[in-house]
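Structural overview for review
Residue strings, one per chain:
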Amino acid sequence: MLRPRRSLGVSSPAKQRKKAAPKNSMATRANRKRLPSYLKPGSAVEISSDEIGFRGSWYMGKVITIPSSSDKDSVKCQVEYTTLFFDKEGTKPLKEVVDMSQLRPPAPPMSEIEKKKKIVVGEEVDAFYNDGWWEGDVTEVLDDGKFSVFFRSSKEQIRFRKDELRFHREWVDGAWKPPLEETEEEEDESEEDKLDDSEDEEDILARVDLETTRAIAKQMFSSGTVVEVSSDEEGFQGCWFAAKVVEPVGEDKFLVEYRDLREKDGIEPLKEETDFLHIRPPPPRDEDIDFAVGDKINAFYNDGWWVGVVIDGMKHGTVGIYFRQSQEKMRFGRQGLRLHKDWVDGTWQLPLKGGKIKREKVLYDFHINYEL
């Protein structure tokens, strides 16, 4: 049966069952990322368990402590539950030490379209029961507006009101699956066909004068200069990472130290060599710009700025973004977005829809002639 959780006075670490990451998902650079952004003291989370009788359930809580940076092997967090308590009076919230794999951000609230969507037989849902969300399948739509839900873990069938259900989602590779409700995806599909955020690296290079770019980089990027660095590594093309220059290396390269990426020990900042075509100054800020559908943007995700396109304007404080490279859709707050800009021969160029240039802003006045 689906049992209410009882405090045992001890922690019950367990590992969430693992899901295979989608092949096209925006990658996280192996052994180079910090703790997930949602794992911060005070952050709201949902907590799972493999304890017998509780598999497939998620409980609301918050993070109390995270692994120490001095203990690179630790994967344990202390959490405090919102609906579970040590005492019968419900005055002392239950605290446990759990594995990081048991934690995820709170599931996104149902969108307006999802609220209007009919729940049908066979729908995967989470049902709120005994202080937590339990994974189940709808087996019957009843005349009184309730739904029968079958729980595979306990072989039980229980009735629920619609407001006690939510559409089931999985937290996979740092993103919700599905990222947006399917009806929204279908409505946006025709718009996506009109959008082009997939300008290739070759298209940008065709606009670059190599000698001018090399000379600008050599003069601009000295030791300590704050920069952004891109990569040709598979899965990371078009993504820019914040860094600073450690020192120039020869005529064409620079040793850089990343701000958010770490070495394999998870502690020391990652250092790499990059050439003059994969380094640029940080783009100018654009906090006052309102994003519109069709705008080509960069979204901060997995420690870097990824290229995407706006498919849904600001709603409830977030903007809907489509990533053509990974074919994913996600929602981001305003602070995690910026207009996409290309650094071409000392100027910032902003594209319109279809890759056309919107305007240029010269940030570096540099003119030089070379005899080839």
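- If you look the protein chain up in an unreviewed UniProt entry, it shows as Agenet-like domain from Arabidopsis suecica.

Regarding the overall build of the protein chain
- A count of helical and extended segments in the protein chain gives four helices and 25 strands.
- Here the protein chain, with 372 residues, has 44% of them falling under the buried criterion.
- Across the protein chain, the fraction of contacts at a sequence separation of at least 24, relative to all contacts at a separation of at least 6, is 55%.
- Of the accessible surface of the protein chain, which amounts to about 20200 Å², a share of 49% is contributed by carbon and sulfur atoms.

Quick notes on the packing of aromatic side chains
- Evaluation of the coordinates by the stated rule reveals 13 aromatic pairs.
- Their ring planes at 75 degrees and their centres at 5.9 Å tell us that F323 and F332 sit as a pair that is edge-to-face.
- Given the relative accessible area of 1%, F323 is considered buried.
- One aromatic cluster is present, formed by Y129, F151 and F160 through successive ring pairs.
- The side chain of R104 reaches across the aromatic face of W58, ending 3.8 Å from its centre.
- Lying over the aromatic face of W240, R280 brings its terminal NZ or CZ to 3.9 Å of the ring centre.

Some words on the pattern of salt bridges
- Throughout the structure, instances matching the rule amount to 19 salt bridges.
- R152 serves as the salt-bridge partner of D137, at 2.0 Å between the closest nitrogen and oxygen. Here D137, found in strand 7 (residues 132-141), pairs with R152, found in the loop between strand 8 (147-151) and strand 9 (156-160); they are 15 residues apart in sequence, far enough to count as distant.
- Residue D137 is classed as buried on the basis of its relative accessible area, which comes to 17%.
- The salt bridge involving R161 is made with E164; its shortest N-O contact spans 3.5 Å.
- Connected via shared salt-bridge partners are E46, R104, D126 and R166.

Overview of the nonpolar core
- F254, Y258, I279, I297, I321, F332 and L337 are the most contacted members of the largest nonpolar core, which totals 31 residues.
- Looking at which element gives the most residues to this core, the answer is strand 15 (residues 253-262), with four residues.
- Those residues within four positions of L337 in sequence are excluded, and the remaining contacts are F291, I297, N298, A299, W305, V319, I321 and F332.
- Listed in part, the 27 residues of the second largest apolar core include I47, A127, V149 and F160.

Quick look at unusual backbone geometry
- In this structure, D131 takes a positive phi of about 75 degrees despite not being glycine.
- Relative to the assigned elements, D131 resides in the loop between strand 6 (124-129) and strand 7.
- Backbone geometry places N302, a non-glycine residue, at a positive phi of 50 degrees.
- With respect to the element layout, N302 can be found in the loop between strand 18 (296-301) and strand 19 (304-315).

Some remarks on helix 4 (residues 210-220)
- Considered for burial, the residues of helix 4 that qualify are T212, T213, A215, I216 and A217.
- Where helix 4 is buried, its residues touch strand 15 and strand 23 (342-344).

Structural notes on the side chain of S57
- Inspection of the secondary structure assignment puts S57 in strand 2 (residues 57-65).
- Only 2.6 Å separates the side chain of S57 from the backbone oxygen of F54, close enough to count as a polar contact.
- When near neighbours in sequence (up to four residues on either side) are disregarded, S57 contacts I47, S48, S49, W133 and W134.

Considering the confidence of the model for the protein chain
- Model confidence for the protein chain is summarised by a mean pLDDT of 77, while 76% of its residues fall at 70 or above.
- For the protein chain, strand 25 (residues 357-362) is the element with the lowest average pLDDT, namely 44, and strand 8 is the one with the highest, namely 95.
- This model gives residues 7-24 a pLDDT under 50, and the stretch forms 44 contacts once residues within four places in sequence are excluded.

So, the pairing of strand 15
- Burial of strand 15 is extensive: seven of the ten residues sit out of reach of the surface.
- Sheet topology places strand 14 (residues 240-249) next to strand 15; six bridges connect them, and they run antiparallel. Counterpart to V249 in the pairing with strand 15 is K253.
- From the end of strand 14 to the start of strand 15, which pair antiparallel, there are three residues, and G250 there has a positive phi angle of about 70 degrees.
- Pairing geometry for strand 15 and strand 16 (residues 269-275), over six bridges, is antiparallel. Paired with E257 across the two strands is K271, which belongs to strand 16.
- Hairpin connection between strand 15 and strand 16: a loop of six residues separates the two successive antiparallel strands, and G266 in this loop has a positive phi of roughly 75 degrees.

Calculation rules
- Residues numbered from 1 in each chain as written.
- Predicted model: local features only at pLDDT ≥ 70, side-chain atom pairs only at ≥ 80, totals over all residues.
- Heavy atoms only, no water.
- Helix = DSSP H or I, 4+ residues; strand = E, 2+ residues; numbered from the N terminus.
- Buried < 20%, exposed > 50% of the residue type's maximum accessible area, 1.4 Å probe, protein only.
- Contact = heavy atoms within 4.5 Å.
- Areas by Shrake-Rupley, 256 points an atom, 1.4 Å probe, with all protein chains shown as cover.
- Phe/Tyr/Trp six-rings, centres within 6.5 Å; stacked < 30°, edge-to-face > 60°.
- Lys NZ or Arg CZ within 6 Å of the ring centre and 35° of its normal.
- Salt bridge = Lys/Arg side-chain N within 4 Å of Asp/Glu carboxyl O.
- Core = buried A, V, L, I, M, F, W, Y, C linked by side-chain atoms within 4.5 Å.
- Polar contact = N/O pair within 3.5 Å; in protein donor to acceptor, adjacent residues only side chain to side chain.
- pLDDT = per-residue confidence, 0-100.
- Pairing = 2+ DSSP bridges.

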